[in-house]
Amino acid sequence: MVCPIPVQERPGFSVYTSPGSRLLPYNPRTMALEPGARVGAYQIVEAIGAGGMGRVYKGFDPALNRHVAIKVLPELFAVDPDRLARFEREAQLLAALNHALIAQVYGFEKSGETRALIMELVEGDTLEQRIAAGPLPVAEALQIARQIAEALEAAHESGIVHRDLKPANVKVRGDDSVKVLDFGLAKALDPSAASLAADPLNSPTLTAHATRLGVVLGTAAYMSPEQARGKLVDRRADVWAFGVVLYEMLMGRRPFQGEDVSETMAAVLRETVDFGALPSETPTQVRELLQRCLERDVRQRLRDIGEARVLIDRVIAGRSTDSGRAPGISAPAAAAGTPRPLRRVAAAAIVVGAAAGLLLFWARTETPALQPPTTLLADIGVDASLLVDQGAAAVLSPDGRTIVFRAEKDGRSRLYIRRLDALQATSISGTDEASGPFFSPDGRWIAFFAGNRLKKVAVTGGAPVDLAEGVDRGGAWTDDDFIVFVAALGPRNPLMRVPARGGTPEPATTLSGDEVVHRWPQALPGGKILYTANSTPTAHDGATIKAQGGPGGGSEGRTVVTGGYHARYVGSGHLLYVHQGTLYAIRFDLDRLEAHGEPVPVIEGVAASAFSGGAQFSVSEHGTLVHSPGTVTSDDTRIHWLTADGKTSVLHAPRDIWSTPGFSPDGRQLAYTIQDGRHLQIVVYDVERGTAAQLTFGTASHTNPVWTPDGHRLIYASDEGQPGVSNLYWRPADGSGTAERLTSGAINRVPWSVHPQTWAIAHTGNRPGGRSDVWVLPMDAAGSGERTPGEPHVLVATDAVETMPVFSPDGRWLAYQSNEDAGSFSVFVRSYPGSTGKWLVSAQNSIHPAWSRKRAEIYVSVGGQILAVPFTADAGAFRPLKARPWSSLRYSPGGALRPTYAPHPDGDRMIVLGPGSAAMPEHDRVVFVFNFFDELRRRVQ
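Residues numbered from 1 in each chain as written. Predicted model: local features only at pLDDT ≥ 70, side-chain atom pairs only at ≥ 80, totals over all residues. Heavy atoms only, no water.

Describing the overall build of the protein
Helices and strands together make up the secondary structure of the protein, namely 14 helices and 66 strands. Burial status across the protein gives 58% buried among its 941 residues. A separation threshold of at least 6 residues defines the contact pool for the protein, and within that pool the share at least 24 residues apart is 51%. Carbon and sulfur atoms make up 50% of the accessible area of the protein, which totals about 37300 Å². (Helix = DSSP H or I, 4+ residues; strand = E, 2+ residues; numbered from the N terminus. Buried < 20%, exposed > 50% of the residue type's maximum accessible area, 1.4 Å probe, protein only. Contact = heavy atoms within 4.5 Å. Areas by Shrake-Rupley, 256 points an atom, 1.4 Å probe, with all protein chains shown as cover.)

Right under this line is the structure:
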């Protein structure tokens, strides 16, 4: 059954059904006819297709005992009498068109308010289905092209122009004979050729197995330049489309391709056709024919399709003015008894032999000269610094006219937007703490990540829309309106996909072998996905670039390039990726998902992160590249000491990514979580001895270690025994004994702090797909001094996300972070155990609260800098004072839920991730490279 296309509600239509002849409401744009329904005298057998302007069914004509094609037209024909009258006049002309190679129009049926065209039902595969299996042999392609040309010639002689010729409108039957479908329907459905050309969404195609999106893209790919520009067309538009179809038969791909309508039409208007890529056995005359058919200047284009038929007849027959005669190729009907493979081999040999002596049929059309690139260093348009620690901070819209970027100003990060014809950029409301922006295919929306959530906001402004849980490791908006993204940073996480309108995420890729991460996706046409795969979450110079042929996580991707990351396919037919800070390019076959030739370095010094796999470049559909110059951020995961006066030293070099650190009460030990490539485990590091010991093992995930007040045990989260649902456990910190489970149930629980006196465990809890709230698990003390878990209860629960609850050293206060402030996290403090007040500690996109055990200070992290917030507390009131930088040095912060710093109990030093450089380099400019596609064509063969 064909899925209906939702449209604005209108009054329903009615048709008769059989048996019983009872009336059913029917709207041809929103309901499909069931088998057995009748349209006039014709009975519906089954639905066989849908297109941009209605539905097509297989029907039965009881009067003549034959099957027919019934094309039910949209409701606009019933409500617009003038349009209906024009259509009926055109339909009469189409019915008069009678040719063996053209599908016949039998009549026009009115049934109540339903309008349907009754046409010849042609069995067999479409040419589109034939081409999907790969390029056609030259001889077979010429046989089919010759018949298409003859059908066009007959229609043109009758004054009818097809206007929508493409492989989906050509049926190839079992004997290789051709039927061309839908002649003249473009004009019949909309008599204004200009309006049809100007809006490809009005595609009249009503062919089987065509989705609405596929129809639009297919139609745009075969439009002549004058159609794409909205001009009136004549039969030379069919000549252009004929050339596109012949090229596609020979190559197995279209000469003009794009990810959406605008990109495809831009290619039609500007893209250079690579005639040199045609199969070597293609006759010279056929090459010249293609060049004449695909001449953008309509005055220089081949004027009469009959000339193409004559030329192809000569090539098939092996005749030319200087080579005499060669044995001919039998016509399809006469050759029906010959096995097809033998006919193809024989025909190919004849064509290749005959082509060797043929003279040029027309003078060669000159290929437009490649334009040299233009490079421009430009200010971003606001007094801010690009944040280049993850994926591309600055991205171009599909049309290349707008740039969106992530930057920090006055200690706050947000998204900014700037049209390239404007001098200044403006901030986008509701995007505080946002990162990883990317555009929708139509350029109307910007998706991004903030507060561990995937969101979108309209380019024109408005409130952001929350879509799903997600982290900034790349995102891509597909042409079928899904978003592919990374949902979490844990190991063994494939890419996910979620409807762009919101919904339930589902796997988009499948991890294979030793892969632990998929990230930095790009959506390719036809539901294909390009992404970076790696066997470790870091060291992406050794990663693999893979491509998957369709949506869904049921199949493994195909390896395209080994030794690179952050790949992007561009319209010149090349793949771009980064290796050791250099942007490389290699030729890429989009249909076969294969790279060809040798990679060529094209730009050195592109800012990138080998640690996360992100890179700072973006390319528009028309060939403009923007990138941030800089160096490669190393994958240094060492734990550093950092002091307030800016001194740093290395404490420990763990083997993998680490986060959620915490010192024991005496400061002699440090516990943290590592990501060992496939699983999350807990490590205890002895600060004095300089030795590390892994505490947990196995295939379960163990994370977020928290010390008990006596320093003897660690409490942590684990999904042991219940994969996908974490509960609270504890065990001796020295590794002796066994783990003991403290909670159970379907709520995911993660510990963050233990009360210094009561041992109550402050943790977050959330049901699958739900918000995160602050919970407390009481730990009751028995007479023997043993602690046993009580019943957990909610302490803070709102519509926002509350997380990272940490008790103050005296146990009177509880700090936590919440995104109740316009979706960005801020740190708050509440009294404990009562809740007599709530105080905002820091609103500057602050995360990761931690308490000083020596001073009346609370620490927060803002943009990679640790701030100290002094406070006073008396009579149940908490008063935060003015924040100050704890140190001038910055560190590498983890995600919103992955702190990578911890204060030592002595109050004079902290441990941090990263080298503790004095300041992040300023990135207030970007480099534009115009005519970049021509540069790739020149340098990367």
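Considering the pairing of strand S33 (residues 594-604)
Across seven bridges, strand S32 (residues 582-589) lies against S33 in antiparallel orientation. Of the residues in S33, the one forming a bridge with Arg587 is His596. Linking S32 back to S33 in an antiparallel pair, the connection comprises four residues, with Leu593 at a positive phi of about 55°. (Pairing = 2+ DSSP bridges.)

Section: the sheet that holds strand S25 (residues 506-507)
Strand order in this open sheet of four strands is S22-S23-S24-S25, and the pairing throughout is antiparallel. The sheet terminates laterally at strand S22 (471-477) and S25, the two strands that pair on one side only. Relative to strand S24 (residues 496-499), strand S23 (residues 482-486) runs antiparallel, the two sharing four bridges. Residue pairing across strands places Phe482 opposite Pro499, the latter belonging to S24.

Side note on the packing of helix H4 (residues 138-157) against helix H12 (residues 305-317)
Where H4 meets H12, the axes come as close as 8 Å, and the angle between the chain directions of the two elements is 150°. Taken together, the axis directions place H4 and H12 in an arrangement best described as roughly antiparallel. As H4 runs across H12, the sense of the crossing is left-handed. Contact residues: Leu142, Gln143, Ala145, Arg146, Ala149, Glu150, Leu152, Glu153 and His156 in H4; Ile305, Gly306, Arg309, Ile312, Asp313, Val315 and Ile316 in H12. Partitioning the contact of H4 with H12 into residue classes produces eight nonpolar, three polar and five charged. (Axes fitted to C-alpha atoms, helices over the stretch in contact; angles between N-to-C directions. Parallel < 35°, antiparallel > 145°, perpendicular 65-115°, else oblique. Left-handed = near helix turned anticlockwise from the far one by under 90°. Nonpolar A, V, L, I, M, F, W, Y, C, P; charged D, E, K, R; others polar.)

Here we look at empty space enclosed by the protein
The full count for this structure, using the stated rule, is six cavities of 30 Å³ or more. Each pocket or cavity is described by its volume, and for the largest cavity that value is around 50 Å³. In terms of lining, the largest cavity is formed by Arg163, Asp164, Leu165, Thr219, Tyr222, Met223, Gln227, Ala237, Asp238 and Ala241. In terms of residues, the lining of the largest cavity owes the most to one element, helix H9 (residues 235-251), which gives three residues. Taken together, the residues of the lining of the largest cavity break down into five nonpolar, two polar and three charged. (1 Å grid on protein atoms, 1.4 Å probe; cavity = no way out; pocket = protein on both sides within 12 Å on 5 of 7 lines; lining within 4 Å. Points joined across faces, edges and corners; volume = space filled by probe spheres on them.)

Overview of a negative patch on the surface
Together, Asp379, Asp383, Asp410 and Asp924 line one region of the surface with negative charge. Relative to the elements of secondary structure, Asp410 occurs in the loop between strand S15 (402-409) and strand S16 (412-419). Owing to a relative accessible area of 67%, Asp410 belongs among the exposed residues under this scheme. (Patch = residues over 30% accessible without salt bridge, like charges linked within 9 Å, V, L, I, M, F, W, Y side chains within 5 Å. Salt bridge = Lys/Arg side-chain N within 4 Å of Asp/Glu carboxyl O. Lys, Arg positive; Asp, Glu negative; His and termini not counted. Charge placed at Lys NZ, Arg CZ, Asp CG, Glu CD.)

Let's talk about the packing of helix H11 (residues 284-293) against H12
Here H11 crosses H12 at 165°, and the two axes come no closer than 10 Å. Judged by the angle between their axes, H11 and H12 are roughly antiparallel. Judged by the sense of rotation from one axis to the other, the crossing of H11 with H12 is left-handed. Contact residues: H11 offers Gln285, Val286 and Leu289, while H12 offers Ala308, Leu311, Ile312 and Val315. Broken down by class, the residue content of the contact of H11 with H12 amounts to six nonpolar, one polar and no charged.

Details of the confidence of the model for the protein
On average, residues of the protein score 81 in pLDDT, and 81% of them reach the 70 mark or higher. Residue range residues 189-218 is modelled with pLDDT below 50. Its contacts to residues more than four positions away, or to other chains, number 93 contacts. Note that pLDDT drops below 50 for residues 320-367; the model gives that stretch 77 contacts with residues more than four away or on any other chain. (pLDDT = per-residue confidence, 0-100.)

Topic: the pattern of salt bridges
Taken as a whole and judged by the stated rule, the model has 31 salt bridges. In this structure, the salt-bridge partner of Lys179 is Glu120, at a minimum N-O distance of 3.3 Å. Separated by 59 residues along the polypeptide, Lys179 in strand S11 (residues 178-180) and Glu120 in strand S8 (residues 114-120) bring together distant segments of the chain. Just as Lys179 is buried, Glu120 falls in that class too. By sharing partners, the salt bridges in this structure join Arg146, Glu150, Glu153, Arg309 and Asp313 into a single network.

Observations regarding the sheet that holds strand S64 (residues 901-903)
Adjacent strands of a sheet form backbone hydrogen bonds with each other and so pair up, either parallel or antiparallel. Read from one edge to the other, the open sheet built from four strands follows the order S40-S39-S65-S64, with strand pairing classed as antiparallel. Two strands lie at the open edges of the sheet, namely strand S40 (648-652) and S64, each paired on one side alone. Put simply, the sheet's adjacent strands are angled 30° from each other on average, direction ignored. The pairing of strand S39 (residues 639-643) with S40 spans four bridges and is antiparallel. Among the inter-strand pairings, Trp641 is bridged to a residue of S40, identified as Ser649.

Topic: the nonpolar core
The tendency in soluble globular proteins is for nonpolar side chains to be buried side by side. In this structure, Leu127, Ile148, Leu165, Phe242, Leu246, Met249 and Leu289 are the most contacted members of the largest nonpolar core, which totals 61 residues. In this view, Met249 contacts Leu127, Ile131, Pro135, Leu136, Ala141, Ile144 and Ala145; residues no more than four positions away in its chain are not counted. With 20 residues, the next largest nonpolar core counts Ala610, Ala615, Val929 and Phe933 among its residues. (Core = buried A, V, L, I, M, F, W, Y, C linked by side-chain atoms within 4.5 Å.)

Quick look at unusual backbone geometry
Residue Tyr832 is joined to Pro833 through a cis peptide bond whose omega torsion reads 10°. For Pro833, the location among the structural elements is in the loop between strand S57 (824-831) and strand S58 (838-842). Positive phi, close to 75°, is recorded for Arg163, a residue that is not glycine. As for its position among the elements, Arg163 is in the loop between H4 and strand S10 (170-172).

Description of a positive patch on the surface
Among the surface-exposed residues, Arg229, Lys231, Arg270 and Arg401 lie close enough to one another that they form a single positively charged patch. Structurally, the position occupied by Arg270 is in helix H10 (residues 261-270). Of the residues examined, Arg270 reaches a relative accessible area of 59% and is grouped as exposed.

Overview of H10
Across the ten residues that make up H10, a large majority, seven, are buried. Residues Val261, Glu263, Thr264, Met265, Ala266, Ala267 and Val268 constitute the buried set of H10.

Overview of the side chain of Ser664
Within the fold, Ser664 resides in the loop between strand S41 (657-663) and strand S42 (669-675). Judged by relative accessible area, Ser664 falls into the buried class, the value being 2%. Of the polar contacts made by the side chain of Ser664, one reaches the side chain of Asp666; its length is 2.6 Å. Setting aside residues no more than four positions away along its own chain, Ser664 makes contact with Gln669, Trp707, Arg853 and Pro905. (Polar contact = N/O pair within 3.5 Å; in protein donor to acceptor, adjacent residues only side chain to side chain.)

Remarks on the packing of aromatic side chains
Tallying each qualifying case throughout the model produces 20 aromatic pairs. A centroid spacing of 4.7 Å and a plane angle of 25° characterise the contact between Phe871 and Phe878, whose relative ring orientation is stacked. A connected cluster of aromatic rings, assembled from ring pairs, spans Trp813, Trp839, Trp851, Phe871 and Phe878. Lying over the aromatic face of Trp775, Arg749 brings its terminal NZ or CZ to 4.4 Å of the ring centre. Above the ring of Trp641, the side-chain terminus of Arg909 is found at 4.1 Å from the ring centroid. (Phe/Tyr/Trp six-rings, centres within 6.5 Å; stacked < 30°, edge-to-face > 60°. Lys NZ or Arg CZ within 6 Å of the ring centre and 35° of its normal.)

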